[in-house]
Structure formats: C-alpha cells, structure tokens
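A look at the structure
These are the residues of each chain, in order.
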Amino acid sequence: MRIPLTRPYITQEIKDKVCEVLDSGYLTEGDVTREFEESVRDYIGCEHAVAVTSCTTGLEVALRALGVGHGDEVVVPDYTYPATASVVDIVGAHIVIVDVDPKTMLVDYDALESAITPRTKAIIPVSLFGNPLDYERLRAIKEKHGVYVVEDAACSIGAEYKGVKVGNLADISVFSLHPRKFITTGEGGIITSNNFEWVEWMRSYKRFGMEVQESHAATSFSRIGTNYKLSDIQAAVGLVQMRHIESLLDRRLQLCRNYLDLLDRQEHVIIPETTAHGKHSRQSFCVFIKNRDEVMDQMRETGIEVQIGTYALHMHKAFNENQNCRIPGDMVNSRYVFDHCLTLPLYDEMTMADQEYVVSMLIKAVAHGE
Ligand SMILES: Cc1ncc(COP(=O)(O)O)c(C=O)c1O
C-alpha cells in the first residue's frame, strides 16, 4: 500500500480548460489569468488579487511596492520556508529572525515586537500550514510601531480569523500555488491587497514596468520592472480548482476531523494548536512526536509518505553565516518544532481506510520508540 503525502486535484474539467487555452493560441497572461485573479479576489472578499510566478516572487514584489530596501529591517519568524526570509535579502534589506510559539508554530508576537527597531519597515508573519495569525495583535503592533504587515500566506487560502478570510487581514498577503497547496497551478503565486496604489505598482512591476493601459499603441514603461507573469495555461488549472474550493476545503476539514478522532487519547501524539478565533485551512495536517525522525523512517518504509513540517532558519548557513541577518535569541521553540513536527498524508481522494492505516502505522512507530 503506497500513500502519497499529497496529490493535486486534477480532473477532466481542468484538462478541458487547459486544452481550450492551448487551442486558443494565446498562452501568456491574458483573460484566463484575469478571470483566475477575479475568482480569488471574490472568494477572499478583498479588493484586488494579482497573479505572479510564485509566492516567493510575490513576496519580493510586495516588499518592493512598499519601498522596502537598503537600510531597512524586516522581521520574520525562524520556523518557516527559507523564501520568507530570502526575499528580504533579495530586495537589499536586513533580515531579523525571531522565535515562534511552540504550540501554534506561528511567530512569537512578543519576540516579534521586541525585535522592532526604528529601522524596521515591515514584518512578514507566516500563517503556517493554514493556521491563521492573530491579526488583532498584528494590527496593534503595526499601529504602535508604524510597520507594514506583509503576510506570507503561502499555505493559507481558505483560512479565516473571526470570520474574515486570510488575504483580507494584512497590508499585503501572498499565497503559493505550488503543488503542495490544494489550489495549485504547478508553480505560481497570488498577491492580495486592498490598497489600489500598491496593486497598480505591483501589476506594472511584474510586467516589465509597463503602465497598465488598454491601448497597445500608448504603451509606456514608467519604471524598471521584471517578468513575473503567470501564463493562461497555468491560470486555467487554478481557475477550475477555484470553482470547487468550498467542497475541496470541506473535504480537507473532514479528513482532518477523522485524523483527530483516530488520534484521540494518543498521549504521545500532540496536536498543534489553532489560533484562537481562527479557522485552520489544514494545508498540512501536522502532529508533534518525540521520536520524529525514527517514526518518519519507519512510516516511509511501509509506503507512507510523511514529511517534516518546515525548516528552522537559524540552523542554516544562508542565515546563520549571513552578515545581513540578525538572529536575536536562542530559537529554542523553533528548534523544538523543527525536531518534533511530522506532516501526515492529506489529499482529496484519501479514504477513511487510508487514514486508519496511516494512524495505525504512526501509533506502532511511536510505541517502538517508547
Ligand atoms: C511558508 C512558505 N513561504 C513561502 C513558500 C514559497 O512558495 P513558492 O514555492 O510558491 O515560491 C513556501 C513554499 O512551500 C512556504 O511554505
């Protein structure tokens, strides 16, 4: 029995839409990408959505739109995918890395606030694995210190805080469309914001610095820009998936409830906490266990594809030997979650029998280490 970590939702409806784009002869960013952006915007309930080539390039564009660059500091959590911090260096700003909360795995808000200096221009909190942040706390930090909040929402389409969807709660939020995410275009990203000026700047920057105009004859380039456009071929996949996002999300949440029931009263398997007043979108279903590496090896041997959560940046040369990076504190919580977090398989077509098998193998492997 082989159980993959994830499997993208690809149906005949999606294949038909991709073929429609291919047959049209128009393959770059066009009407289908615009329609995809609108579907994300309407789903989230925000004012603007801008498609880009990845969450990483989206975060970079967001920082540039806010004028973050040389001489500025940007605070990020230690427990995250490296891209969250790399983009700070890419735009020429200084990376400041702070610890996380060991129960939610999200940024430690006290550590975040303590790391803010007069040079701090922005913070990039991460709604990791689909767990929404405490946006009230972030708003208070923003107001007190005058910093921009750029949310790394790579994993959190569908998550909510107090009934408001992620993507509508920070200055700028950026989602990933990588195949580990349940809305995926192969590679891709989507930026959301309610600020028209920033959005216009980002739209222009990702299209070579072009002014957004109806008439090609009047095209002008008002700034240096780059090419981070999503193609209509990719957008076709995302557009059809967005038509089914509610049922895809419901299915994920049901599968996670099954996991929680199956793991009930397993004292050696700890379930991470969801932010108070938050709706977790369960991009990943994670647990904490003591002998994680051993369990991971054993489960993989039985054909179950399990994975670590994500990375602790302070353990990597790219950050700990980087003159452009400050790491105040010992990162003890981040190290704990890095060592103990295990991601279990989760995908739309997973059956209850698959889940029972995964949990039985998990419990067996955990018991082996006791
Ligand atoms: C928290 C986080 N940020 C950023 C990224 C990078 O996303 P992308 O691959 O779309 O650039 C990922 C990818 O998994 C991620 O998990």
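Owing to the predicted nature of the structure, the values given are computational and were not obtained by experimental measurement.

Details of unusual backbone geometry
Even without a glycine there, the phi angle at phenylalanine 129 is positive, about 60°. Residue placement: phenylalanine 129 occurs in the loop between strand S4 (120-123) and helix H6 (135-145). Phenylalanine 129 gets classed as buried once you look at its relative accessible area, which sits at 6%. Phi at phenylalanine 208 takes a positive value of approximately 65°, unusual for a residue other than glycine. Positionally, phenylalanine 208 belongs in the loop between helix H7 (196-205) and helix H8 (232-243). Of the residues examined, phenylalanine 208 reaches a relative accessible area of 36% and is grouped as partly exposed.

Some thoughts on the site of the ligand
Contacts to the ligand come from 14 residues, most closely from Cys55, Thr56, Asp152, Ser176 and Lys181. Separating a nitrogen atom of the ligand from a side-chain N or O atom of aspartate 152 is a distance of 2.7 Å. Serine 176 places a side-chain nitrogen or oxygen 2.7 Å from an oxygen atom of the ligand. Of all the secondary structure elements, the ones that give two or more residues to the shell around the ligand are helix H3 (55-65) and helix H4 (83-90). The residue makeup of the shell around the ligand, split by class, is 6 nonpolar, 6 polar and 2 charged.

Comments concerning the sheet that holds strand S6 (residues 160-161)
Overall, antiparallel pairing links the 3 strands, which are arranged S7-S6-S10 in an open sheet. This sheet does not close on itself; its edge strands, each paired only once, are strand S7 (164-165) and strand S10 (278-279). With 2 bridges connecting them, S6 and S7 associate as antiparallel partners. Across the sheet, the residue bridging to tyrosine 161 is valine 164, located in S7.

Calculation notes
- By convention here, each chain's residues receive numbers from 1 onward along its written sequence.
- Confidence filtering applies because this is a predicted model: local features only for residues at pLDDT of at least 70, side-chain atom pairs given and counted only at 80 or more, and all residues used for totals across whole chains, interfaces and linings.
- Only heavy atoms go into the side-chain values, all of them from the structure, while hydrogens and water stay out.
- Helix numbering and strand numbering both begin at the N terminus, where a helix is a DSSP run of H or I of at least 4 residues and a strand a DSSP run of E of at least 2.
- Buried residues are those whose accessible area, probed at 1.4 Å on protein chains only, stays under 20% of the maximum for their type, while exposed residues exceed 50% and partly exposed ones sit between those limits.
- Near is defined per residue: the residue qualifies when any heavy atom it owns lies within 4 Å of the molecule or strand.
- By the criterion applied in these results, polar contacts are pairs of N or O atoms within 3.5 Å in which, for protein atoms, one can donate a hydrogen and the other can accept it, and in which residues neighboring in sequence qualify only through two side-chain atoms.
- Gly is put with the polar residues, along with every residue not named as nonpolar or charged; the nonpolar set is Ala, Val, Leu, Ile, Met, Phe, Trp, Tyr, Cys and Pro, and the charged set is Asp, Glu, Lys and Arg.
- Two strands pair under a simple rule: DSSP has to find at least two bridges between them.

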